[in-house]
Structures are given as C-alpha cells and as structure tokens.
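These are the residues of each chain, in order.
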Amino acid sequence: MRKISTIITGLFLVLVARSQEANKNRSLFNVDYQKLVSRADLVYDRPASRSEAGQPVGNGRMGSLVWTTPSQVSMQVNRVDVFASNSASNNFFERNTDYCGGTGFVDLDFGEPVFEGKDFRQQLSCYNAVSTISGKAVQAKVLAWNEADVMAVAIKDNRATTRPLTVNLRMLRMPVSLRGNHAAISTIETRGERILLKQVFKEDDYYCSSAVVIGVTGAKATAEKTNAMAVRLNIAGGTTDAHVFIASAASFDSTVDVVSAALRKLEAAQQKGYDGIEASNRMWWSHFWQQSFVHLNSADGVADEIEKNYTYFLYVMGSSSRGDFPTKFNGMLWTTGGDARQWGGAFWGANQSCYYEALYPTNHLELMNPMFQMYTNAYPSFERAALQQWGSKGIFIPETVGFDGVPALPDDIAAEMRDLYLIRKPWEQRSKRFMDYAFAKQPFLSRWNWKHIGKWKDGLWEYTERGDGPYGPVNHIFSRGAKIAYQYWQKYEYTKDLNWLREKAYPMLKGMAEFYRNFPNVKKEKDGRYHIRHVNDNESIWGGHNTVEEISSMMGIFPVVIKASELLNTDAAMRPVWKEFMTHLSPLTTTKDYPDMASQPEAWVGSLPPTSPIRGNGKRLPDGNTMPVWFFDLCNPGGNPAMLRIAHNTFNGYFRNTSFKETFPHVLSKIPAAAAVLGRADAVRALIPNQLKGAVRNPVLENRMDLSEGFYTTNIQRIGRASDALHLALCQSAPPAPGGDPVIRVFPAWPNNWDAQFSLLCRGNFLASASVRKGRVEFVELISNAGETCRVQNPWPGSKVMVYKNGRQLQQLKADILVMDTKVQDRILLVPSSTDPAKLVRKVL
C-alpha cells in the first residue's frame, strides 16, 4: 500500500512540476497571428493604377512587384546584389545615370483580356507572402522561395477556349550598351524547355553579372527567341494547371558561371514543386510573424490603420532585406521601369535609416545584417578615406557611399583634397589636375558633391558647381558614421552579445571616436573647449561651427566607446584620453548663443557662426529629418533635466505657427519619433497618422508605397519612420544617457483613447509584452533572454506592483523604477497589487 502511495505521490509531483513548467512558459497573450497579420493584406478589386502600385513579393534577395495589364501578369525581377558600376566609375558624371538592381522583365501573357471588370481581384497575403491574381476563369499565385532565389507562379486556367499561355523574358536595355569604357551586355538563350537572360557589366577591373532562368512544370513548353531582346516559353492551350519557376543568380566574380548557378536553383525548385515551396514558405513566415507583434485599436479606426501599415512595414522588410546588401532606399526590390532610378546606385545614410532604425524592437535583427555586412566589409576603405581625404585617424563613413565603400585616391589628389576640403587652401587655387580628376566622378558620392547639375554643349558635358567651394549637401558630414557606429552599439545593447561588441561594434566605435579626436578641424580653443569647424549640419547648413549634428554625435560616441572598452577590458590607456575629450567638448549650440534670440525659451539651433553664405542659417532648428540629439540617447526620460527642458523647448519650436493636427511630417522626418521620446502623446496622436498619409505631391499608391524620391523609387521610408515613432510611443528601453543602464517604459507616449497590445524586444535582450485598455495598463510581461538585471518604470505610478517570476508570486514592489535580477529565460509578470493574473489572459483577435 505504501508503494502505491509513493507512486501516486511521485506522479502527482511530476504533474505539478509539468504544470509549473507550462505556467512558466505561458503568455498572457493568445495571439491569432494569421488573423492579425492578414489585417495588413493588400486587396485590389481593380488592376493597379500603374506598375509601381503592384504588390511586392520577395525573399529578401530577389523580388518584384506584381501587376497586371488586361492580358498579362507582369514582373520585373530585381536583386539587391546587382550593380552596373562601382564607386570608382568614371562614366556616370551625369546625375541619376548610374543604375542597379534589375535583372529582367517577365510577363505571363494569357492571349486575351482576362484581368479586368468584375471578375478581377488581386490579394497579397502578408501572412503567407503570396500574391493571388484572379480574372476571367484564370488564376495566378506568385511567391518567392525563402530557401533559394526562385519566384514561383501557380497557374490555373479554366477558360472554355484553348488560348495558349506565353511566358516572356525580356532585356532591360539593348543587347549592347556602351558608356565610355563601361559596357552592359545582355544575351538571351533557349536551352531545351528553358529560357534564360544573362547580363554582364564591365568597367576597368570592375565586373558584375546576373542571370535569370525560367522553366515550367505541369505542362509542355517550347522555347523560342521572339526577337533580339526577348525569349519566350509557349505553353499549349488547354493546359489547366502549370507552374512557372523564375530563378536568378548574380556575382562580382568573373569566374563564376551565373547561368549554371541559376539553373541549379531552378532544378531544385522544380524538384520540390510549387506545393513544396509554398509549404516551406508557410513555415518560414509563420515563424517570422511569431517573433513580435503590435495590435492597435481605436473607435475612429486611426490606430487600426497605423497597425496595418506597421505590419506591412515588417512584411516588406522581410521580403527585401535578407541579402548581401541592404535594400536601397530608392526603389528597394520594387523598381518596374528597368534598372534606372533617381539617385542611382549610391546609399544615402539618412534615407537608409528610415528602414533600419525601426527594426530593433521588432525582434528581427536578422533584417539588419545586410546593412552591418556592407559597412563592415567596407571598413578598410573607411580607414583609408579618413587618412586620405581628411588627414585623420579612425574611419570616415560618408553620408552617401557606394556598395563597395570609398575608392582609393592618387596621393597627389588626396593631398590637394585635404588642403581644399579642410579649408587650408582657397578653392580658387585648386589645380587643373584636381579638376580634371574630379570631372568624371559621380556627383552624388559625398566627396564629389560640390559638383551640381550640368548639360551637354557642342558634344561636351559641362557641369556647374554648387558655388560654395568644396561644400555640398553631403560632403562635410561626419555624423553619419557616428550614427552607424551607434547602431552597432545598440545591437549589443539589444542582444548583450559580447562577441558582436568585440568583433564588429567596437572597431566602429573606436574608429569614429579616433576620427573626431584627430580631425584637423577639431581643436581646443581659448575657452578650453574642443570645437569643430568647417562642417555641415546634415544637408541644411554648410561650413558651420559646432553644428548640432557633429556635437551630438561626439556626445553620443565617446561615452559608449569608453563603456565598450571597459566591458571588453581593452584600450585602458585610451580611456582617460577619451574622457578628457568628452569632458572638454563644446556644448550644443542654443538660442542663448545668439544675442538677438537670448530672450526666447532656450532651444538647440543648427550652428554657431560662421557658416556658409549660400547655405548657412545657423539659427535654424535642428534638421527634422535627422534629429541628432534624440538619436544618441541624449534627452531620454530620466536624463539630464537641463537637456530635457531644452529638448521640449526645441520640439515646441517646430510648431510655432501650426498645430500637430495641421502638420504632415516629411517622409524622412523624425519629429514624430522625437515626440514619442519626450512623452508627448498629444503630438503622437496626430503626427504618426499624418506622416503615413504622405504629402499631396507624393500620393500614396495602392500598395502603401510612394514615389517621394523620384522616378522608379518605390519606397516605404515614411512607414519606416512612423514605425520607429510607434515603437517609442509603445515601449522605450533607453538609458538616461549614452552608455547608461536601460529602463523599460511601457506606453510612455500613448494616446488615452487608443487600445494596444504588443510584444517587442527591449535593450538588455528582454522581450516585453504589455496591454493597455481605456487608458489603463493591464499588465507587463518580460522574458529575459540574456539574464540581465531588469529595470522597469512603474507602469502604475505611485502604486504597489506584484511581481511574479516563472508563474510564482515573488514580491511586492513600490518604487518609480522597479529593479529585478533575472536568469536566462526567466519570465517576469508585473500586475497591479491584488490583481489575479489568471483573469488577464487576452486573446488578440
């Protein structure tokens, strides 16, 4: 009897242990991810108004918008790793003429109008990443395989007539295109029942190639050349089911056979079959969506629309930012008019930041890898550029940069460039040798940005200068490198990965600190402070003195390089050197530095005098598109009270002559994010939805994208900026100052009439979940992924908080900042005292 009792007791203890473990891992949220994500679907009841309004389908490396004409489903297959030229090119001296990304046009032609009228419907499922197009007795489902660079189309054709289906593959340009010694050569070919298009780009020692290969299963297909620029597959009429596979490959190595590489991908896809690819994608995207979520609701539907745009932002980034290079701001993977696009092939730091500053809280740090990879790979070129162009140490990352970094200069050109750009030699004394060398360089690259527009005259190209010596919108900007380095630091803060800090982040932080410290135009002046002269304030001010961008950058970089050095136990001898620099750095310029503005509430301004007479309004507010003081954790809650006071005054300055409701922030504007950092829920309520609405001159297309950057620049920059602001309004996890201990604050700038539930990543590698209804926070739940000390601002100010750890009641706390030690995978639950957690389980949709 005792033996049976012992067994029963043992079983009971096992059940209790299992129950406790289940309780430990149980979230208070029960999320129907498919229903939630599907709220963001694109549903068209008429064909897209233009190709740029098509529906985006991609696997992060390869993709296309999908649009229709009455008889066709159309695509332009693009890749993130195809660049017609590199940053050393001498053949794209006209602005907007360098090109990238495109690999070929693909059309599925049904031979008669089928995609029109009441039978038409096109729906993009964001949850499964499939665009389904339905017409008169026909249907096409388009997806991009997550495992390989293949797009697949499942066709159902139930027409009574037996019209043939044609798959057309077309070049983006003439077979041979020459520009100086730059050559773009395209060739088409048939191989059995397959068609292919290859591109080769050559200039000096530069080489890049791409290939697109198309095959069909489920139907008999014959391949033929249509003309010198197109090839097609003919699928016999009467075929009810066919699967079309479009594979691509690219390489910068001339020894790589990109056609064979694409063929291998095609064969793998055909072997797996459309159904197998679709099943693989379902699993991949299901896992993707479960990493985080945001659900919003308001009586007027405004919050719901913000949520849909936010979810769509994640979908687009998941579809376009998983390759060897970041998705480009001007067109992403979604250009439809060939591979030309306004602003060309360079990466603009401010524009790229619209996509990549919003990603950390999404818990999709993998989507940032392409950005980090590009900058890390180019690190040696940034070291060389710091020395050659500026006579400094460390690294110089230009505001606008090629995918391959910054090219080397001849020694004599570099020496004269330093003298000219550091304002040691009058611009009027520049040499013919220097100007001849500069003539053919790309004017959008930072170091040549004093070059402006031009025209052809008598068969010769003549360009004009901007008229202010070596200055241009992006030439004398150094803050971009600091912001990128700070993002490396933030990745450490979000992951607590010391290997990342040691191998990737610290070199960037040290490189930027040493650049500033050794920059020839940074000097300790009579007031005992370090000043920086002859620099930009983003694109807004040229030739400034102590510009807000550069002072903010130094105020952010030096504390974290010191902190990183301590964490890694390295460069101990440099710490007092960096501390001395930081201690004696000039303060941010404010209205108090201008006698005629001294009576105004103290606010930050762009620069001290002197500044450029052409672009030099030093009294202006900080550039709303970059907001440097807010970026570097300089005016966070709990920080320096004087900084916070000035931050609020500065923010108010943007609205002297307008209200929040009447303000529609620019596509790049960080003013909504600044509002959230400062806890300004009244501003958040208006500015985030207004930013999503876009400007009248750049209307939002059916696919929520816009063409704000010009021709063929389909983008979601404004959605990225709004997503960044949304995160900050929902959950902040910033320290009170750079390098400090992060504090999690839930709903710090949230409108009272918006309900919300979220699960987002915080610094310290905590996954935070919380719910607010009718203006009251219901609970906060935290999963500790790194075992760090957790600091949370009391969600119920002045009230007692009951703390549960792993399903067990732990302690009751009453403080402004709740501090809790954790171990890896601990689950912490915070609820108002006397609240029963069992009654807080929430079903999200």
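This report concerns the structure included in the present document. In this text the structure is predicted, and so the values were computed from the model without any measurement.

## Observations concerning the overall build of the protein chain
When its secondary structure is counted, the protein chain shows 18 helices and 37 strands. Projecting the C-alpha coordinates of the protein chain onto the three principal axes gives extents of approximately 105 × 80 × 55 Å. Partitioning the contacts of the protein chain with sequence separation of at least 6, the portion at a separation of at least 24 is 67%. A total accessible area of about 31,300 Å² is found for the protein chain, and carbon and sulfur atoms account for 51% of it. Side-chain charges in the protein chain split into 97 positive and 82 negative, and the spacing between the mean points of these groups amounts to 5 Å.

## Some remarks on the layout of surface pockets
Looking at the largest pocket, its volume works out to about 600 Å³. Lining the largest pocket are 33 residues, and of these Trp343, Asn351, Glu539, Leu668 and Glu709 lie nearest its centre. Class assignment for the residues of the lining of the largest pocket results in 12 nonpolar, 12 polar and nine charged.

## Things to note about the packing of helix α4 (residues 302–320) against helix α18 (residues 717–730)
Helix packing for two helices is described by the angle between their axes and how far apart those axes are. Put simply, α4 and α18 touch, their axes get as near as 9 Å, and they point 115 degrees apart. Relative to α18, the element α4 lies roughly perpendicular. Between α4 and α18 lies a crossing of left-handed hand. Facing Ile306, Asn309, Tyr310, Tyr312 and Phe313 of α4, the residues of α18 in contact are Arg718, Ile719, Gly720, Ser723, Leu726 and His727. For the contact of α4 with α18, the class distribution of residues is six nonpolar, four polar and one charged.

## Brief notes about the pairing of strand β17 (residues 230–235)
As paired strands, strand β11 (residues 165–170) and β17 are joined by six bridges and run antiparallel to one another. Paired with Arg170 across the strands is Ala230, a residue of β17. As paired strands, strand β16 (residues 221–227) and β17 are joined by six bridges and run antiparallel to one another. Within β17, the position partnered with Thr222 by the bridge is Asn234.

## Looking at the pattern of salt bridges
One pass over the full model with this rule turns up 49 salt bridges. The partner of Arg179 in a salt bridge is Glu94, with the nearest N and O atoms 3.2 Å apart. Residue Arg179 is found in strand β12 (residues 176–179), and its partner Glu94 is found in the loop between β5 (72–83) and β6 (100–109); the two are separated by 85 residues along the sequence. By relative accessible area, Arg179 is classed as partly exposed at 25%.

## Side note on empty space enclosed by the protein
For the structure on display, the rule yields eight cavities of 30 Å³ or more. Quantified by volume, the largest cavity comes out at close to 410 Å³. Around the largest cavity, the lining comprises 26 residues; the ones closest to its centre are Glu357, Gln490, Asp724, Leu728 and Arg763. At the level of secondary structure, the elements contributing two or more residues to the lining of the largest cavity comprise α10 (479–495), α14 (628–631), α16 (671–677), α18, β27 (731–732) and β29 (754–762). For the lining of the largest cavity, the residue count by class is 15 nonpolar, six polar and five charged. Around the second largest cavity, the lining is made up of 14 residues, and of these Ser85, Asn86, Asp98, Gly345 and Gln442 lie nearest the centre.

Criteria and thresholds
- Residue positions within a chain follow its written sequence, with the count starting from 1.
- pLDDT decides what is reported in this predicted model: residues at 70 or higher carry local features, side-chain atom pairs at 80 or more are listed and counted, and totals for whole chains, interfaces and linings draw on all residues regardless.
- For the side-chain quantities, the full set of heavy atoms in the structure was used; hydrogens and water were omitted.
- Secondary structure counts use DSSP, requiring at least four H or I residues in a row for a helix and at least two E residues in a row for a strand, with both numbered from the N terminus.
- In this analysis, two residues are considered to be in contact whenever any of their non-hydrogen atoms come within 4.5 Å of each other.
- Under the convention used here, a 1.4 Å probe and the Shrake-Rupley method define accessible areas, while residue burial counts only the protein chains that appear.
- Only four residue types enter the charge count, namely Lys and Arg as positive and Asp and Glu as negative; His and the chain termini do not.
- A charge is said to be at NZ when it belongs to Lys, at CZ for Arg, at CG for Asp and at CD for Glu.
- Every definition here rests on a 1 Å grid over the protein atoms only: cavities are sets of points where a 1.4 Å probe fits but cannot get out, pockets are open sets enclosed by protein on both sides within 12 Å along at least five of seven lines, and lining residues have some atom within 4 Å of a point.
- Grid points are joined across faces, edges and corners, and a volume is the space filled by probe spheres set on the points.
- Residue classes follow a fixed rule: Ala, Val, Leu, Ile, Met, Phe, Trp, Tyr, Cys and Pro count as nonpolar, while Asp, Glu, Lys and Arg count as charged, and any other residue, Gly among them, counts as polar.
- Fitted lines through C-alpha atoms serve as axes, helices being fitted only where they are in contact, and the angles separating the N-to-C directions of these axes extend from 0 to 180 degrees.
- For this classification, under 35 degrees means roughly parallel, over 145 means roughly antiparallel, 65 to 115 means roughly perpendicular, and everything else is oblique.
- Whether a crossing is left-handed or right-handed is set by the direction in which the near helix is turned from the far one by less than a right angle, anticlockwise for left-handed and clockwise for right-handed.
- The pairing criterion for strands is at least two bridges between them, as found by DSSP.
- One side-chain nitrogen of Lys or Arg within 4 Å of one carboxyl oxygen of Asp or Glu is enough to make a salt bridge.
- Accessibility here uses a 1.4 Å probe with only protein chains present; expressed as a share of the type maximum, an area under 20% marks a residue as buried, one over 50% as exposed, and anything in between as partly exposed.

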